[in-house]
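Next come the chains, spelled out residue by residue.
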Amino acid sequence: MNAAVTAEPVTGPRVNGTDFLSAQAENRRNTRWLILILILLGLILGYVIGWALEAWASADYQVADTLNISALGILGALALGGIGIIASIVTFSSGDRIIMKLTGAEEVTAETEPVLHNVVEEMAIAAGLPKPRVAVIETEALNAFATGMSPQKATIGVTRGLLKSLNREQLQGVVAHEMGHVLNLDIRYMAAVGIMVGLIALVSDLALRSLRMGGRSRSSGKKGGGALIVLLILVLFAILAPLAAQAVRFAVSRQREYLADATAVQLTRNPLGLIGALKVLEGHKEKAPEIGNRATQHIFIVNPVKAFKSGGSALFATHPSLAERIERLTNLGRG
Amino acid sequence: MAFWIVLGLIVAIGFWGVSLYNRLVRLKTQVANGWAQIDVQLKRRYDLIPNLVESVKDYMGYEQETLRQVIEARNSAVKANAGTATPSAASLNAESALTASLGRLFALSENYPNLKANETVQQLMEELSSTENKIGFARQFYNDSATAYNTAVLSFPDNLIAGRFGFEQATLWQVAEAERAAVEAAPKVDLR
């Protein structure tokens with residue numbers, strides 16, 4: 001037991017021992033910045049597309065003119081923002097049912113799963129929230145998830161394999177982590193971020209396609225260098241914006257995982273349960289069958305999809321490494 | 001001109017005062033909700049204990065004294081809790097004594113392997129120990145809410161409003177003497 005609790009040395013930036021309240025405050029700050037960057041990225045993309053269209057339409061491609069504020073550019077930015085808001089409203093009203101379908105989770109009653117129900121209710125009480133619905137995924141994989149666009153409509157689900165291989169204290173840590181996602185409104189956050197990223201990818205793709213079409217018909221270069229510069233800027237943006245958006249999305253996702261870990265400690269006042277659970281998950285992750293896919297991977301407690309190679313790029317990961325999470329939790333326990 | 005500026009200032013201060021007042025009301029409601037949740041779990045514990053004692057007493061023949069103490073602690077907690085909307089010192093002490101006596105019962109039950117085989121007893125044990133957890137977590141939430149509320153009531157400028165409209169400090173539920181003694185007396189478990 002004792003051996004399981006001592007942390008292995010972990011390389012990478014060391015997080016100072018700190019209490020969970022300041023850990024949460026710092027995380028909220030980071031997340032706010034990342035989302036602001038994402039919104040700015042979307043607006044700039046909309047603007048650049050509008051601006052390129054206007055420059056395209058004007059007869060002589062005066063690049064000097066385009067340094068003035070472009071009306072079509074503003075319109076593009078507003079249009080992208082508006083579509084984002086509408087898409088968010090649609091997702092918030094029907095996203096929960098879709099996620100339950102995609103993960104294959106079945107709701108269970110207190111009679112069939114009394115311990116899981118009790119643990120969920122304990123954590124709901126600790127968080128001061130209504131008790132979420134409880135679901136189980138019938139698979140040997142070890143994982144857990146939370147959905148619900150608001151705490152009143154939340155569901156917490158765990159896999160059968162997780163129920164079998166964790167003790168009550170560890171299960172409590174995992175459920176507390178999921179309750180942390182519910183309490184911090186992460187499901188809503190990540191849905192909004194996902195919409196922005198999807199929108200940016202879609203619009204960039206459209207721009208690139210229409211450029212290829214337009215390029216063939218009218219690229220016979222009689223209009224000179226101005227056109228080339230406009231074209232270059234647009235292509236550069238359409239390629240880089242989705243990549244940057246994707247990276248920001250994964251960074252937000254990782255921050256929210258850390259935050260949920262810190263919240264779990266706030267709820268249980270016992271980091272050892274979650275640390276123990278993460279160690280079990282880590283020991284198990286190679287042999288576990290895959291559940292979920294790229295569309296649902298961000299809602300689980302550990303990434304359910306295996307990386308292409310173990311040293312896969314940290315920039316494009318939805319979850320921080322388990323070693324880093326355990327390290328931070330151990331520091332919380334020490335603080 | 002000056003009139004409008006003064007009027008604007010008065011309205012702004014008014015709105016500010018209302019928002020401070022509303023914040024205090026919100027915090028106070030949360031404290032009341034926290035206590036209500038504790039109360040729900042305490043009542044559930046009163047209901048579960050007689051069932052558990054009834055179903056274990058045949059197995060734990062040598063522990064009649066402990067069982068009697070549990071029932072006694074339960075009855076005096078019921079009496080102390082009756083009709084209190086907010087925690088009173090008497091009811092907090094009675095609940096702590098009950099928690100301590102239940103803790104002893106749980107510890108002793110480890111000596112009776114037959115209990116582990118009985119499904120009804122196991123279910124009751126799970127329900128009761130989960131209820132113990134729920135009381136603990138409800139108390140933690142209540143104390144956190146009460147601390148946030150008390151800090152607001154005491155700090156400037158909320159204290160101006162709190163004093164005027166009778167927002168009094170909430171009582172924290174501390175670990176009482178009886179429970180602390182039980183914690184200290186509990187056998188040390190070596191996990192290695």
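Rules used in this analysis
- Residues numbered from 1 in each chain as written.
- Chains lettered and ligands numbered in written order.
- Predicted model: local features only at pLDDT ≥ 70, side-chain atom pairs only at ≥ 80, totals over all residues.
- Heavy atoms only, no water.
- UniProt positions renumbered as here; feature names shortened; annotations may be inferred.
- Helix = DSSP H or I, 4+ residues; strand = E, 2+ residues; numbered from the N terminus.
- Contact = heavy atoms within 4.5 Å.
- Areas by Shrake-Rupley, 256 points an atom, 1.4 Å probe, with all protein chains shown as cover.
- Buried < 20%, exposed > 50% of the residue type's maximum accessible area, 1.4 Å probe, protein only.
- pLDDT = per-residue confidence, 0-100.
- Pairing = 2+ DSSP bridges.
- Axes fitted to C-alpha atoms, helices over the stretch in contact; angles between N-to-C directions.
- Patch = residues over 30% accessible without salt bridge, like charges linked within 9 Å, V, L, I, M, F, W, Y side chains within 5 Å.
- Salt bridge = Lys/Arg side-chain N within 4 Å of Asp/Glu carboxyl O.

By the naming in an unreviewed UniProt entry, chain B goes by LemA protein and is assigned to Dongia mobilis. Recorded in UniProt under Subcellular location (unreviewed entry), the annotation for chain B is "Membrane". The UniProt entry for chain B carries the following text under Sequence similarities (unreviewed entry): "Belongs to the LemA family."

Per an unreviewed UniProt entry, chain A goes by the name Protease HtpX homolog and belongs to Dongia mobilis. UniProt, in the comment section headed Subcellular location (unreviewed entry), describes chain A in these words: "Cell membrane".

A. Just the overall build of chain A, in detail. When you go through chain A residue by residue, the secondary structure sums to 10 helices and 4 strands. Along the chain direction, N to C, the helices and strands of chain A fall in the order α-α-α-β-α-β-β-β-α-α-α-α-α-α. Contacts in chain A between residues far apart in sequence, at least 24 positions, make up 74% of those at least 6 positions apart. Of the roughly 16400 Å² that chain A leaves accessible, carbon and sulfur atoms contribute 64%.

B. Fine view of unusual backbone geometry. Cis geometry marks the peptide bond from B:F156 to B:P157; its omega dihedral reads 5°. You can see B:P157 is positioned in the loop between α5 (119-154) and α6 (158-164). The phi dihedral of A:L185 is positive, around 60°, even though this residue is not glycine. As for its position among the elements, A:L185 is in the loop between α6 (168-183) and α7 (186-218). One non-glycine residue, A:R269, adopts positive backbone phi at about 55°. In this structure, A:R269 sits in the loop between α8 (225-268) and α9 (271-284). For A:R269, a relative accessible area of 38% translates into the label partly exposed.

C. View of the environment of A:A79. The residue A:A79 is located in helix α3 (residues 71-103) in this model. A relative accessible area of 41% means that A:A79 is categorised as partly exposed.

D. Layout of the UniProt feature "transmembrane region" (unreviewed entry) in chain A. In the numbering adopted here, UniProt assigns the feature "transmembrane region" (unreviewed entry) to residues 33-57, 69-92, 189-208 and 228-248 of chain A. Across residues 189-208 of chain A one finds 100% helix and 0% strand; the C-alpha atoms that close the span lie 29 Å apart.

E. Quick peek at the confidence of the model for chain B. Residue and element names in this part refer to chain B. Across chain B, the average pLDDT comes to 81, with 88% of residues at or above 70. The element-level mean pLDDT for chain B is lowest in helix α7 (residues 177-185), coming to 53, with helix α1 (residues 2-56) highest at 87. Residue range residues 187-192 is modelled with pLDDT below 50. Its contacts to residues more than four positions away, or to other chains, number 2 contacts. We note a pTM of 0.78 for the whole complex and an ipTM of 0.78 for its interfaces.

F. Structural detail: the sheet that holds strand β3 (residues 144-147) of chain A. Residues and elements named next belong to chain A. Spatially, 4 strands are ordered β1-β2-β4-β3 in an open sheet, and the strand pairing comes out mixed. In this open sheet, the two edge strands, each paired with only one partner strand, are β1 (106-107) and β3. Where β3 lies against strand β4 (residues 155-159), 4 bridges are found, and the strand directions are antiparallel. Directly across from A144, in β4, lies its bridge partner V158. Contacts from helix α4 (residues 114-127) reach β2 (133-137) and β4 within the one sheet, and its direction differs from that of β2 by about 135°.

G. Fine view of a nonpolar patch on the surface. All names here are of chain A. Together, W33, L36, I39, L40, L43 and I44 make up an exposed nonpolar region whose accessible area comes to about 560 Å². Mapping L43 onto the fold places it in helix α2 (residues 20-57). With relative accessibility at 34%, the residue L43 sits in the partly exposed group.

H. Here's a closer look at the pattern of salt bridges. Residues and elements named next belong to chain A. One pass over the full model with this rule turns up 19 salt bridges over all chains. Among the salt bridges present, the one from E107 reaches R133, with a minimum N-O distance of 4.0 Å. Here E107 is found in strand β1, whereas its partner R133 is found in strand β2, with 26 residues between them in sequence. Among the residues examined, R133 registers a relative accessible area of 41% and is labelled partly exposed. R168 is the salt-bridge partner of E122, the closest N and O atoms lying 3.1 Å from each other. On the criterion of sequence distance, the pair formed by E122 in helix α4 and R168 in helix α6 is long-range, its members being 46 residues apart. A relative accessible area of 0% means that E122 is categorised as buried. What makes R168 partly exposed here is its relative accessible area of 25%.

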